[in-house]
Amino acid sequence: MTLDIKNIGMIDELETPIEFEGITVVAGNNNTGKSTISKILYCIFTSLYKIEEKVKEILEKNYGRKTENPFVRG
């Protein structure tokens, strides 16, 4: 996975995108955006966790639509 960040928190723009392969260590001086990177990753992973189930639930609740795969129109 590659993460490219622009204009979020302390980060104006990364010199190079961060590549996550296995264990990745983010280190640096104070106020350079390390916590911002971890918060971005947290938001990405929690928003995508069980996304299909969340979409199915929303479709059923709002539209009464039931489907095995919510990403297929039908």
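This one's a predicted model, so the numbers in the text were calculated from it and none came from an experiment.

Draft legend 1. Region of interest: the overall build of the protein. Each helix and strand counted, the protein has two helices and four strands in total. Residues counted as buried form 18% of the 74 residues belonging to the protein. Restricting to contacts in the protein with at least 6 residues of sequence separation, those with at least 24 account for 24%. Carbon together with sulfur atoms contributes 51% to the accessible area of the protein, which is approximately 6,400 Å² in total.

Draft legend 2. Quick peek at the pattern of salt bridges. Applying the stated criterion across every chain yields a total of one salt bridge. When the shortest N-O distance is used, the salt bridge between Lys 6 and Glu 13 registers 3.9 Å. Residue classification places Lys 6 among the partly exposed positions, given a relative accessible area of 46%. Overall, the relative accessible area of 52% leaves Glu 13 in the exposed class.

Draft legend 3. Region of interest: a negative patch on the surface. Residues Glu 52, Glu 53, Glu 57 and Glu 60 make up a contiguous surface patch of negative charge. Mapped onto the fold, Glu 53 is located in helix α2 (residues 51-63).

Draft legend 4. Inspection of α2 at higher detail. In this model α2 runs 18 Å from its N-terminal to its C-terminal C-alpha over 13 residues, within 8% of the 18 Å that 1.5 Å per residue would give. Taken from the residues just after α2, Gly 64 is the one with a positive phi, measuring 65°.

Draft legend 5. Spotlight on the confidence of the model for the protein. Per-residue confidence for the protein gives a mean pLDDT of 86, with 86% of residues at or over 70. Across the protein, element-level confidence peaks in strand β2 (residues 6-8) with a mean pLDDT of 92 and bottoms out in α2 with 86.

Draft legend 6. Main features of the environment of Ile 37. Its place among the elements puts Ile 37 in helix α1 (residues 34-48). With relative accessibility at 7%, the residue Ile 37 sits in the buried group. Between the C-alpha atoms of Ile 37 and Ile 8, which are 29 residues apart in sequence, the distance is 9.1 Å. Here Ile 37 is in contact with Leu 3, Ile 5, Ile 11, Ile 18 and Val 26, once residues within four sequence places are set aside.

Draft legend 7. Looking closely at the nonpolar core. Among the nonpolar cores identified, the biggest contains nine residues, and these are Leu 3, Ile 5, Ile 11, Leu 14, Ile 18, Phe 20, Ile 37, Ile 40 and Leu 41. Take this core: its biggest share by element is three residues, from α1. Filtering out sequence-adjacent residues up to four positions away, Leu 3 remains in contact with Leu 14, Pro 17, Ile 18, Phe 20, Ile 37, Ile 40, Leu 41 and Ile 44.

Rules of the game
- Residues numbered from 1 in each chain as written.
- Predicted model: local features only at pLDDT ≥ 70, side-chain atom pairs only at ≥ 80, totals over all residues.
- Heavy atoms only, no water.
- Helix = DSSP H or I, 4+ residues; strand = E, 2+ residues; numbered from the N terminus.
- Buried < 20%, exposed > 50% of the residue type's maximum accessible area, 1.4 Å probe, protein only.
- Contact = heavy atoms within 4.5 Å.
- Areas by Shrake-Rupley, 256 points an atom, 1.4 Å probe, with all protein chains shown as cover.
- Salt bridge = Lys/Arg side-chain N within 4 Å of Asp/Glu carboxyl O.
- Patch = residues over 30% accessible without salt bridge, like charges linked within 9 Å, V, L, I, M, F, W, Y side chains within 5 Å.
- Lys, Arg positive; Asp, Glu negative; His and termini not counted.
- Charge placed at Lys NZ, Arg CZ, Asp CG, Glu CD.
- Expected span 1.5 Å × (residues − 1).
- pLDDT = per-residue confidence, 0-100.
- Core = buried A, V, L, I, M, F, W, Y, C linked by side-chain atoms within 4.5 Å.

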